[in-house]
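Fold and contact review
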Amino acid sequence: MNALIVIPARYDSTRYPGKPLVNLRGPDGDKTLIRRSWEAAMSVASADRVVVATDDARIADHAKTFGAEVVMTSSKAQNGTERCAEVLAQVTGFDLVVNLQGDAPLTPPWFVDDLIAAMRASPDADIATPVLRCDGKTLAGLLTDRKAGRVGGTTAVFDQQMRGLYFSKEVIPFTAKTYADDAQTPVFHHVGVYAYRPAALADYPTWPIGPLESLEGLEQLRFLENGRRVLCVQVD
């Protein structure tokens, strides 16, 4: 099963224009955000190919300087999943497409390896995404953020077969219990990395944005609103 990693990157971010080209400090010196994200993708052992997907020549030119393969996409993509779908129309021959977001360079490579392995083991899944069980400290932080009107992260609920039931910027499921900092809780934090079957990814931009996606601002809800199976993969 061949896996393609796509790194969506756009210059015209509403909250932070030019973000992919901003330098981040590290033990290996200053490197741009897009370069660090590309290096993270290149360290995924089970990936067969990595491309940067962008609609901006500045990002494309910079990515080529450090050896990245670039696929140009349109400026019409409304989110990273739609940009990945545009890449799929140009790059063929892959059984899985992974969306590793261009602003997530600290994503552990084993998260992606685990997604690819889970999709190989679950042929009926249309998309897979990682979830982390919150400890008490993390859950307390999420709840504090919500009380202050901030979104500290996305949480996920799923059935006994790990099929996603819902994703929300609220903290779900509700629990009135308090937990010690290192105690396990029933709340799972969602990590925004995705592995798609090509057929499901190709269908995605043909569906209108539904009410749940519109309210939550979460692109993965479009799959649930259209009856596709989203596999939640618990990672360490």
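In case you missed it, the structure is sitting above this.
The paragraphs below set out a description of the structure included in this document. Predicted model, so just to flag it, every value in this text is computed and none were measured. (Residues numbered from 1 in each chain as written. Predicted model: local features only at pLDDT ≥ 70, side-chain atom pairs only at ≥ 80, totals over all residues. Heavy atoms only, no water.)

Next up on the list: the pairing of strand β11 (residues 193–196). The side-chain alternation of β11 yields two buried faces, one formed by Val-193 and Ala-195 and the other by Tyr-194 and Tyr-196. Pairing between strand β6 (residues 96–100) and β11: four bridges, direction antiparallel. In the sheet register, Leu-100 faces β11, and the bridge partner there is Val-193. Inspection of the sheet shows strand β7 (residues 127–135) paired to β11 by two bridges, in the antiparallel sense. Looking across to β11, one finds that Ile-127 is bridged to Tyr-196. (Buried < 20%, exposed > 50% of the residue type's maximum accessible area, 1.4 Å probe, protein only. Helix = DSSP H or I, 4+ residues; strand = E, 2+ residues; numbered from the N terminus. Pairing = 2+ DSSP bridges.)

The tally for this structure, following the rule as stated, stands at eight aromatic pairs. Between the aromatic rings of Trp-38 and Phe-66, the centroid separation amounts to 5.2 Å while the plane-to-plane angle is 50°, which identifies the pairing as tilted. Placement of the pair is Trp-38 in helix α1 (residues 33–42) and Phe-66 in the loop between α2 (57–65) and β5 (69–72), with a sequence separation of 28 residues. Take Trp-38 and Phe-66: they sit in the same class, and that class is buried. Members of the aromatic cluster, each reached through a chain of ring pairs, are Tyr-194, Tyr-196, Tyr-204, Trp-207 and Phe-223. (Phe/Tyr/Trp six-rings, centres within 6.5 Å; stacked < 30°, edge-to-face > 60°.)

Summarising the element assignment, Ser-37 is placed in helix α1. Contacts of Ser-37, omitting those with residues within four sequence positions, involve Ile-7, Leu-100, Gln-101, Gly-102, Asp-103, Ala-104 and Pro-105. (Contact = heavy atoms within 4.5 Å.)

Moving on to helix α4 (residues 109–121). With 13 residues, α4 should reach 18 Å at 1.5 Å per residue; the first-to-last C-alpha distance of 19 Å fits that figure. What α4 keeps buried is the set Phe-111, Val-112, Leu-115, Ile-116, Ala-118 and Met-119. Taken down its axis, α4 places every buried residue within 160° of arc, on the same side. Those residues of α4 hidden inside the fold are in contact with β1 (3–9), β6, β7, β11 and β12 (230–234). (Expected span 1.5 Å × (residues − 1). Arc of directions from axis to C-beta.)

Taken as a whole and judged by the stated rule, the model has 14 salt bridges. The salt bridge partner of Arg-229 is Asp-124, with a shortest N-O separation of 2.5 Å. With Arg-229 in the loop between α8 (221–225) and β12 and Asp-124 in the loop between α4 and β7, this pair connects stretches of sequence that are 105 residues apart. According to the relative accessible area criterion, Arg-229 is buried, its value standing at 17%. (Salt bridge = Lys/Arg side-chain N within 4 Å of Asp/Glu carboxyl O.)

A few words now on helix α5 (residues 136–147). Count 3.6 residues to each turn of an α-helix, and residues three or four apart come out pointing the same way. The end-to-end C-alpha distance of α5 is 16 Å, a good match for the 16 Å that twelve residues give at a rise of 1.5 Å each. Looking one or two residues past α5, Gly-149 carries a phi angle of roughly 80°, positive in sign.

On the secondary structure map, Leu-115 appears in helix α4. A C-alpha to C-alpha distance of 9.1 Å links Leu-115 and Ile-127, two positions twelve residues apart in sequence. The contact partners of Leu-115, leaving out residues within four places of it in the chain, are Ala-128, Thr-129, Pro-130, Val-193, Tyr-194, Ala-195 and Val-233.

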